[in-house]
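Secondary and tertiary structure notes
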Amino acid sequence: MAFWKKIFKNKNPGSAAYRRDRAQELHGQAIRYVTERMGDVDEIVGRGGCLSVRNGEFLLLTSGDILLRTRVEDLQASYLMSGDGVVLTAPNIEEGGRVRSLIAHFVYYRK
């Protein structure tokens, strides 16, 4: 089944299946730091942590806090062109549904 899933990937970014697959790709990824654009400047809002999927929710955990918690179906995730991070845009359940756009930079591990 996984073989067919790799061959026939869902290419519609608006679909729930595509968003679930993207969230599963990011699950367990270690984070170096997280930034958020405030005006013309990117501010660092968290250091260290990871990305996780639990009970149908996507979590961005940094500095011992939940920085972003959203339903997987509401998450919009796109990789940076360099490949060393991801832009996450979603309504944050922790803040009453306020939409946040955060940039999570991955920890670099030599493979």
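These numbers were taken from a predicted model, which means no experiment stands behind them. (Residues numbered from 1 in each chain as written. Predicted model: local features only at pLDDT ≥ 70, side-chain atom pairs only at ≥ 80, totals over all residues. Heavy atoms only, no water.)

What follows deals with the overall build of the chain. When its secondary structure is counted, the chain shows 2 helices and 8 strands. Of the regular secondary structure in the chain, the N- to C-terminal order runs α-α-β-β-β-β-β-β-β-β. Here the chain holds 111 residues, and the buried ones make up 32% of them. Relative to all contacts within the chain whose residues are 6 or more apart in sequence, the contacts with residues 24 or more apart total 36%. Carbon and sulfur atoms make up 52% of the accessible area of the chain, which totals about 7,300 Å². (Helix = DSSP H or I, 4+ residues; strand = E, 2+ residues; numbered from the N terminus. Buried < 20%, exposed > 50% of the residue type's maximum accessible area, 1.4 Å probe, protein only. Contact = heavy atoms within 4.5 Å. Areas by Shrake-Rupley, 256 points an atom, 1.4 Å probe, with all protein chains shown as cover.)

Tracing the backbone shows P91 in strand 7 (residues 85–92). A relative accessible area of 28% means that P91 is categorised as partly exposed. Taking the C-alpha atoms as reference points, P91 and Q76, 15 residues apart in sequence, are found 9.8 Å from one another. Aside from chain neighbours lying at most four places away, what touches P91 is R69, T70, D74, G97, R98 and V99.

Structurally, the position occupied by R100 is in strand 8 (residues 98–106). A distance of 3.4 Å separates the side chain of R100 from the backbone oxygen of L67, its partner in a polar contact. Those residues in contact with R100, other than ones at most four positions away along the chain, are E36, L67, L88, T89, A90, N92 and E95. (Polar contact = N/O pair within 3.5 Å; in protein donor to acceptor, adjacent residues only side chain to side chain.)

Geometry only, nothing functional implied.
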